[in-house]
Each structure stands twice: as C-alpha cells, then as structure tokens.
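# Understanding the architecture of this molecule
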Amino acid sequence: MISGSTFQEFTCVVCKAFQKTMARLLQAPPKFHPSEWHVANKMQCASTESQKSSSERLVAESRRLVDEIEKTTQKTQSSVNKKIEQRLEETKFWKQELDNTLEQLVNETEVLLTFKIRLEKALESCKEPLVISQKCLLNRQRRAGTDLVHDEVEQELVKEAEVLQGVIALLERTLEQTNEQLRLNRSTKYNLEMDVKDKFAALMIDNYCANLTNNTADVRYPDKTVKIEENFVSPEDWLYFSNINVEKADKERNNSMALRVLIDSILSQAVNDMCKQCEMVNIAFRNRAKEVRDAKHKLETLLAVCAVLSSVGFVKVMEETASQEMNIVALKKAIADKEGPVKVAQTRLEARNHRPGVELCYDAVQYRLTGEVQEITRNIQRLKDTLALAETELKGLRRRQLSLEEEIQIKADTLYIDEVLCMPMRESVCINNF
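One structure accompanies this document, and this report is about it.

## Here we look at the overall build of the protein
Each helix and strand in the protein was counted, giving 6 helices and 2 strands. With 434 residues in all, the protein has 27% of them scored as buried. Within the protein, residue pairs in contact and separated by at least 24 positions form 84% of the contacts whose partners lie at least 6 positions apart.

Encoded structure:
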C-alpha cells in the first residue's frame, strides 16, 4: 500500500515535468547557420552514397550466397542420392543373400522331411518282425518234456527281440531329434522370411526416395521428419541382425545335413543288424529242425515196426516185444508140457506108497521117482522164474515202447511248432532298405 504523503509527492513531480515539456514545445524552433546547412547537405549525400555502396555489396553478397547455397544444395542432394543408391545396393545384396539362404534352408528342410518319412516307415516296419519274434517265442513255450529247452533257436530269438527293441528305441530317439531339427529349421525360416520381407519393404521405400526429384508432384513438407526415432537402429546393428540370421540359417542347415548323414548311417546299420540277426534265427531254426528230425528218426529206428493184420486193422509193436511175447508163450507151453510128467511121477509115487508090509521098500524105483518129481518141480520153478522175468521184461519193453512213442510224438510236436507254426510265419518278414 502507498501512503498519502508519498502519493502527493509523486503527483507534484509529474506536474512539474509536464509543465517543462509544454514550455519547450511552445518555444520557436532554432535557426541554423548556412554553414550548418551545407554540412547537413554534404552529410546527406555521403550517407546516401554509403547506403548505396552497402546495398550494392549486399546484393553482390546475396548473389554469391545464392550461388554458394545452390551449389551446396546440389552437392548435398547428389551425395544423398549417392547414399541412397549405395543403400539400395547394400540392401539388395543382403536381400539376395537372405533369399539364397532361405532357398537353401527350404530345400534342406524338404529333404529332411523325406528322411523323417523314411524314419517313420522304418519304425513301422520294425514292429511286425518284433511281433513275429515274440509269437515264435510264445509258440515254442508249448514244447513238452525235454524238448522245452533253452536251445540256440530261443537264444537267437531272444537276441532278435532285443535287437529289434533296440532299433525301435534308437529310431524313436532319432525321430524326436529330427522333429526338433525341423522345428528349428522352420523357426529360422520364419526369421529369414521376416527379414526378407522387411528388406523388400525397405527397397520399395528407398526406390521411391531415389526416384524423387525437385519437380516431383508429391513432394511436400511433412511434419516432424527431422528427428531420430527411438526405434531407429544403427547401421552396425542392422548389418549384425541380417548377418546373424544368415549365420543361424547356415548353422541349422549344416546341422540338418549332419543329421541326415546320421539318419542314413542309423538306417543302414539297423537294416544290416536286423537282416543279420534274422538270418541267424533262420539258420538256428533249420539246424534245430534237422537236429530234432534226426533225433526223431533215431528213436523211430529203435521201434522196428511189424504190421500185424487183425480184424480191427493192424497193430505196431517192437520186434523185441514180439520176440519176448513169443518167448513167454514158449515158457508157458514148456511149463504146461511138464505138468504131464510130474503128474505121472507123483501118481506113481502115491500108488507105490500103498504097497503092503515089507513091500513098502525105498528101492531104486522109489528113489528115482522121488528124484524125478523133485527134478521136474525144480525145472518147472525155473521156467516160472524165467517166465516172471520175461513178463517183467515185456512190461519194460512195452513201457519203453510207450516212452519212445511219446518222445517221438514230442519231437513231432516240436517239429510242427518250428516248421509249421514258426518258420512259415518268419517267411513273411521282409527287411528292405529304408
């Protein structure tokens, strides 16, 4: 706030100044001396000449500046045009590199896809031989008696199943690796395609810029063009980005080619191993069948077959059994034949025991009759003992015959399992190059 006394002082000062100014305005203008008039005219002329010289210099300088700026502008625009051309050439070069790399990667991916199909077919082809091998093992469990042996055929079948299972596991792992490589190839292919697409867009833009001239119709003053955007990248980063894409594509392509070589090797080795083991099993089957057939033949030769015709047909018996049966018949007849003489001797003894008095004499007749009865009795007993042995031997022979026939049947069943059930089934196994 301003106090009352200060405001009054300020008012007085303003009034005095106003009075002085009005007094000067009301005074008569001063008159100049002629010399001052001449001086003033000379000064006007000098000032005019100076202004004219300054204007002439400015015009000359302006013309020089216009010429200089025109030359600078043309030089700068020419330099920009040259830079654009260089940029176009560089972008075209990298786009061509990317196109070539992309084409190579696409071709490699297509080839790898065919190898994947080969792996899938090989994996599918391994399943049937494994099933057949397992069926053969299961069928051979039906062998009976001593023929249920862990023979070479079973060993080779077990080994074949292990080989097939190992091949299937290896092919599955390789197939997983192939799928992963295909995924990496597709990912790299996507990055290359995006880079190529961006390079193409940049070429279109730079071609448009290269074709612009001062007289082009659509040149204009866009807003806020002279600035560096935050998403701008440096030339080094631009070059690094495309170079990394090419290097990564080359790396994945080389990995894919190496994987194809590995797949070829695995498939070739798998076929060799499977064919080799399959042949080992077949050889073992043939050898075992021959061995069983020989054993069966040897058993059959022990059974010399005699055909005895009867009302119901014919009965097969061993020659030795028939001989023993005839021996038993002969022994029984011999025993029966001794019944007459022993009865006569015993009847004579019994009759002579009724002689009266001193006639009951142990004479030579009595002595000889007694010896005859004892001799015939001993002989009959010997014949009975021999008969018992012969009957026991006959039972043994018949048991042996049954045992041999049973063993022969077991061998026949074994041959049926190997030659009818297993070997024909294995003929359907077809192992080709995958």
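## Some words on the side chain of Arg 426
With respect to the helices and strands, the residue Arg 426 is situated in helix H6 (residues 364-426). Overall, the relative accessible area of 4% leaves Arg 426 in the buried class. In terms of polar contacts, Arg 426 uses its side chain to reach the side chain of Asn 282, at 2.9 Å. Among residues more than four places away in sequence, those in contact with Arg 426 are Ile 132, Cys 136, Leu 157, Glu 160, Cys 278, Val 281, Asn 282 and Phe 285.

## Thoughts on the side chain of Thr 91
Here Thr 91 shows up in helix H2 (residues 34-140). With a relative accessible area of 2%, Thr 91 lands in the buried category. One polar contact links the side chain of Thr 91 to the main-chain carbonyl oxygen of Arg 87, over a distance of 2.7 Å. Among all residues touching Thr 91, those that are not within four sequence positions of it are Lys 199, Leu 203 and Trp 238.

## What to know about the packing of H2 against helix H4 (residues 235-302)
Interhelical geometry of H2 versus H4 gives an angle of 20° and a closest axis separation of 9 Å. Considering their axes alone, H2 and H4 lie roughly parallel with respect to each other. Classified by chirality, the crossing of H4 by H2 is left-handed.

## A word on the pattern of salt bridges
Summed over all chains, the structure comprises 24 salt bridges. A salt bridge links Lys 189 to Glu 193, with the shortest nitrogen-to-oxygen separation between them at 2.6 Å. Here Lys 189 pairs with Glu 193, and both are found in helix H3 (residues 152-211), just 4 residues apart, close to one helical turn. The salt bridge involving Lys 290 is made with Asp 294; its shortest N-O contact spans 3.2 Å. Within this pair, Lys 290 and its partner Asp 294 are both found in helix H4, separated by 4 residues, close to a single helical turn. Classification of Asp 294 as partly exposed rests on a relative accessible area of 35%. Among the charged side chains, a network of salt bridges with common partners joins Arg 140, Arg 143, Asp 151, Glu 154, Arg 288, Glu 291 and Asp 418.

## Observations concerning the environment of Ala 249
With respect to the secondary-structure elements, Ala 249 resides in helix H4. Among the residues examined, Ala 249 registers a relative accessible area of 1% and is labelled buried. Considered as a pair, Ala 249 and Arg 186 are 63 residues apart in the sequence and their alpha carbons are 10.0 Å apart.

## Considerations on empty space enclosed by the protein
Under the defined criterion, the tally for this structure stands at 1 cavity of 30 Å³ or more. Estimates place the volume of the largest cavity at around 60 Å³. In this structure, the largest cavity is lined by Pro 129, Ile 132, Ser 133, Glu 160, Leu 164, Met 274, Cys 278, Arg 426, Val 429 and Ile 431. Contributions of two or more residues to the lining of the largest cavity are made by H2, H3 and H4. A total of 3 residues in the lining of the largest cavity trace back to one element, the largest contributor, which is H2. Of the residues that constitute the lining of the largest cavity, the class distribution is 7 nonpolar, 1 polar and 2 charged.

Calculation criteria
- Each chain has its residues counted from 1, running along the sequence as written.
- Given that this is a predicted model, residues contribute local features only at a pLDDT of at least 70 and side-chain atom pairs are listed and counted only at 80 or more, while totals for whole chains, interfaces and linings are drawn from all residues.
- The basis for the side-chain values is all heavy atoms of the structure; hydrogens and waters are excluded.
- Helix numbering and strand numbering both begin at the N terminus, where a helix is a DSSP run of H or I of at least 4 residues and a strand a DSSP run of E of at least 2.
- Throughout this description, buried means an accessible area under 20% of the type-specific maximum (1.4 Å probe, protein chains only), exposed means over 50%, and partly exposed covers the range between.
- Should any heavy atoms of two residues lie within 4.5 Å, those residues are considered in contact.
- Polar contact is defined as a pair of N or O atoms within 3.5 Å, subject to the rule that within protein one atom must be able to donate a hydrogen and the other to accept it, and that residues adjacent in sequence are counted only when both atoms are side-chain atoms.
- Between N-to-C directions, angles cover 0 to 180 degrees, with each direction set by a line fitted to C-alpha atoms, over the stretch in contact for helices.
- In these notes the angle categories are as follows: under 35 degrees is roughly parallel, over 145 is roughly antiparallel, 65 to 115 is roughly perpendicular, and the rest is oblique.
- Helix crossings get a hand from a simple test, with the near helix turned counterclockwise from the far one by less than a right angle marking a left-handed crossing and a clockwise turn marking a right-handed one.
- In what follows, salt bridge is the name for a side-chain nitrogen of Lys or Arg lying within 4 Å of a carboxyl oxygen of Asp or Glu.
- Of the grid points, spaced at 1 Å and generated over the protein atoms alone, those admitting a 1.4 Å probe that cannot get out make up cavities, while open sets with protein on both sides within 12 Å along at least five of seven lines make up pockets; any residue with an atom within 4 Å of a point is treated as lining.
- Grid points are joined across faces, edges and corners, and a volume is the space filled by probe spheres set on the points.
- For this classification, the nonpolar set comprises Ala, Val, Leu, Ile, Met, Phe, Trp, Tyr, Cys and Pro, the charged set comprises Asp, Glu, Lys and Arg, and every other residue, Gly included, is treated as polar.

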